[in-house]
Amino acid sequence: MKEGRNTAGALGLVLGHPFDTVKVRLQTQSTYRGIMDCIVKTYRHESLLGFFKGMSFPLVSIAVVNSVLFGVYSNVLLALTAMSHQERRTQLPSYTHVFIAGCTGGVIQTFFLAPFDLIKVRLQNQTEPRVQPGGPQPRYRGPVHCAATIFREEGPRGLFRGAWALMLRDTPTLGLYFVTYEGFCHQNTPHGQNPSSATVLVAGGFAGIASWVAATPLDVIKSRMQMDGLRRREYQGVLDCVVSSFRQEGLRVFFRGLTINSARGFPVNAVTFLSYEYLLHSWG
Ligand SMILES: CN(C)C(=N)NCCC[C@H](N)C(=O)O
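- Looking at an unreviewed UniProt entry, one finds the protein named Solute carrier family 25 member 45 isoform X2, with Castor canadensis as its source organism.

## Observations regarding the overall build of the protein
Part 1: The helix and strand inventory of the protein stands at ten helices and zero strands.
Part 2: In the protein, the succession of helices and strands from N to C terminus is α-α-α-α-α-α-α-α-α-α.
Part 3: Taken along the three principal axes of its C-alpha coordinates, the protein extends 65 × 40 × 35 Å.
Part 4: Evaluated residue by residue, the protein yields a buried proportion of 49% over its 284 residues.
Part 5: Across the protein, the fraction of contacts at a sequence separation of at least 24, relative to all contacts at a separation of at least 6, is 76%.
Part 6: Accessible surface for the protein amounts to roughly 14,200 Å². Of this, 65% is attributable to carbon and sulfur atoms.
Part 7: Distance from the positive charge centre (28 side chains) to the negative charge centre (17 side chains) of the protein: 5 Å.

## Comments concerning the packing of aromatic side chains
Part 1: Within the structure shown, the criterion is met by 13 aromatic pairs.
Part 2: On the numbers, 4.6 Å between centres and 45° between planes, the contact of F70 with Y276 is tilted. Of this pair, F70 sits in helix α3 (residues 56-81) while Y276 sits in helix α10 (residues 258-283), placing them 206 residues apart in sequence.
Part 3: Ring geometry for Y177 versus F273: centroids 5.0 Å apart, planes at 50°, classification tilted. In this pair, Y177 sits in helix α7 (residues 163-187) while F273 sits in helix α10, placing the two residues 96 residues apart along the sequence.
Part 4: Relative accessible area serves as the criterion here: at 0%, F273 is assigned to the buried category.
Part 5: An aromatic cluster is built from F70, Y73, Y177, F178, Y181, F273 and Y276, whose rings are joined through pairwise contacts.

The rules we used
- Residues numbered from 1 in each chain as written.
- Predicted model: local features only at pLDDT ≥ 70, side-chain atom pairs only at ≥ 80, totals over all residues.
- Heavy atoms only, no water.
- Helix = DSSP H or I, 4+ residues; strand = E, 2+ residues; numbered from the N terminus.
- Buried < 20%, exposed > 50% of the residue type's maximum accessible area, 1.4 Å probe, protein only.
- Contact = heavy atoms within 4.5 Å.
- Areas by Shrake-Rupley, 256 points an atom, 1.4 Å probe, with all protein chains shown as cover.
- Lys, Arg positive; Asp, Glu negative; His and termini not counted.
- Charge placed at Lys NZ, Arg CZ, Asp CG, Glu CD.
- Phe/Tyr/Trp six-rings, centres within 6.5 Å; stacked < 30°, edge-to-face > 60°.

Here it is, written out as structure tokens:
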């Protein structure tokens, strides 16, 4: 059963990854005119494999990152409300408590997610086609080589490049994520009962969309900060990145990747919450 849910989570990640690659490229590179242009250019230049660059680390880390997020959320909520998961079905905790627990999960999750996310973004942005003898060599030959190179060239702190922006992105939006989820489940579940699988799926999907819509502006900044320092440092910090991105590209820059984030957010988070609820029930 547990394997089945892990497979569902991994499958969601694999299916969502090509969209994530297109989004990251649109947020950090100025060579694309839009989603379709990016898809066509990536396919022509790098074949289907181009869309799956940088997928291996997210695949191995997703279980840990999600366990940290959902574990911290559940435990903080338990500490704040002194109610078990089952008791919370009859009496919904206040949205303030849910929000605080979600934000705390976001902060702690950052420490685990940051290096994996950095390596993912660096690999996704490599546009060289598959390595051929004599052909152009990408800077990073794979996730481990990427981690080792960043460590060597940018120091141990380099592995946490963009972590502030990631924390700023995830803290309030993960609060919103859980408020949307709990609120939707509460509204659509008869008093005292557990939400049906369909309710969990839709609530998780809406939580994904709501949080990703709110997260997209800082998602753009996070991706740019992670790519900064590759050759020369362009930004002094998060604020400088916000200001100079706005000056150069206007307000629209903060909405780059919004469509993809929202479309991807529904299925990925529907599956994530279904796994979470099953785990809570199987643990009692
Ligand atoms: C808006 N944010 C940052 C989130 N909702 N994060 C939590 C879920 C992330 C999920 N693995 C996904 O990729 O959608």
